[in-house]
Amino acid sequence: MAAKIIDGKTISAAVKEQVRAEIERDRIKAGLAVVIVGDDPASRVYVNNKKKACELCGIQSFEYALPAETSEEQLLELVDTLNSDDKVNGILVQLPLPKHLDEKKVIERISPLKDVDAFHEMNVGKIMIGNYAFLPCTPAGCMELIRSTGVDIAGKECVVIGRSNIVGKPMAMLLLHANGTVTVCHSKTHDLPEVCRRADILIAAVGKPNFVTADMVKPGAVVIDVGINRMENGKLCGDVKFDEVSEKAGFITPVPGGVGPMTIAMLMRNTLTAAKIQAK
Ligand code: NAD
């Protein structure tokens, strides 16, 4: 039986509508600054999408497009300015940065109260202990998608493939907070297919096209595909071999139209949260 498709576009539209309605109802002023350095085409697309989402939600967006040769000092200076600008509630520095810039240093410079990506060490620590204001957008979006299936995470075997600080690790932590039994797999994991086959909920965040095949999936599982891989023909492809896995899983996210739109919707929600916290 074919899996039910988890429609990230519809679910993300609902999240953005909630954000918009709350901003309108409570007359909240919220602003998001997006900083992009260089002219990476994929980053440009993401930044444009974020801008569009801000417009839709009634969030003021401030874009800073800096040349690739921007020095670290200049970038840090801009972050300082945004930290002390009352109109800016959230700051997002689009990654990856050009090689000569130290991403860690830049992220740590963002005020934790305006860190709507939740990448700052202080916010990462808060996520670890389960006492957080912001959740990192992609894992938070995945959680919304899982919840939309009606499958209760509590007690379920959850397998996350990938252990990056941005996706894999916080994803595992959120599943753990929801009482899942969580296994984190990575490039050194032995017999990955065997581990994956245990999963009631399988999250693929590897960055390799068609990496997860049907033999790695338990019948009826919830499969969340975080991967965004651009193929030679220009098309986007996930980490999951959709055609065959969708014949075996219970629920599956498509790429595009699954996790991607959710990431932006959660960014809007985080910006609203930041504005409310800063207004207090
Ligand atoms: P990353 O490269 O930092 O991490 C990849 C992880 O995969 C690593 O932890 C590594 O151990 C693991 N891995 C690599 N090869 C493996 C193997 N053979 N077996 C098991 N594990 C293996 O990537 P990332 O930043 O976590 O992103 C992962 C994917 O998610 C990418 O395709 C990225 O574009 C995508 N992504 C999507 C969104 C979104 O909004 N949808 C957001 C962030 C990232």
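Every value quoted in this text rests on a predicted model; they were computed, and no experiment measured them. (Residues numbered from 1 in each chain as written. Predicted model: local features only at pLDDT ≥ 70, side-chain atom pairs only at ≥ 80, totals over all residues. Heavy atoms only, no water.)

### Observations concerning the site of the ligand
Alright, step 1. As a matter of local geometry, the ligand sits amid 21 residues, with R163, S164, H186, I228 and T263 nearest to it.
Alright, step 2. Within the contact set of the ligand, a nitrogen atom lies 3.4 Å away from a backbone nitrogen or oxygen of H186.
Alright, step 3. Taken by itself the ligand offers 860 Å² of open surface, and the protein chains cover 72% of this.
Alright, step 4. Of the residues belonging to the shell around the ligand, the class tally is 9 nonpolar, 10 polar and 2 charged. (Near = heavy atom within 4 Å. Polar contact = N/O pair within 3.5 Å; in protein donor to acceptor, adjacent residues only side chain to side chain. Areas by Shrake-Rupley, 256 points an atom, 1.4 Å probe, with all protein chains shown as cover. Nonpolar A, V, L, I, M, F, W, Y, C, P; charged D, E, K, R; others polar.)

### Quick word on the environment of N210
Alright, step 1. In this structure, N210 sits in the loop between β7 (201-204) and β8 (222-225).
Alright, step 2. Distance in space between the C-alpha atoms of N210 and D239 is 4.8 Å, their sequence separation being 29 residues.
Alright, step 3. In contact with N210, other than residues within four places in its own chain, are C237, G238, D239, V240 and K241. (Helix = DSSP H or I, 4+ residues; strand = E, 2+ residues; numbered from the N terminus. Contact = heavy atoms within 4.5 Å.)

### Details of the pattern of salt bridges
Alright, step 1. In total, this model carries 15 salt bridges according to the counting rule given.
Alright, step 2. With a shortest N-O distance of 3.2 Å, R20 and E24 are connected by a salt bridge. Here E24 and R20 lie together in helix α1 (residues 8-25), a separation of 4 residues that amounts to about one turn.
Alright, step 3. A residue is classified by how much of its surface remains accessible, and E24, at 55% relative accessible area, is exposed.
Alright, step 4. Ionic pairing is found between K105 and E72, a salt bridge with its closest N-O pair at 3.0 Å. With K105 in helix α4 (residues 103-109) and E72 in helix α3 (residues 72-83), this residue pair connects regions lying 33 residues apart in the sequence. (Salt bridge = Lys/Arg side-chain N within 4 Å of Asp/Glu carboxyl O. Buried < 20%, exposed > 50% of the residue type's maximum accessible area, 1.4 Å probe, protein only.)

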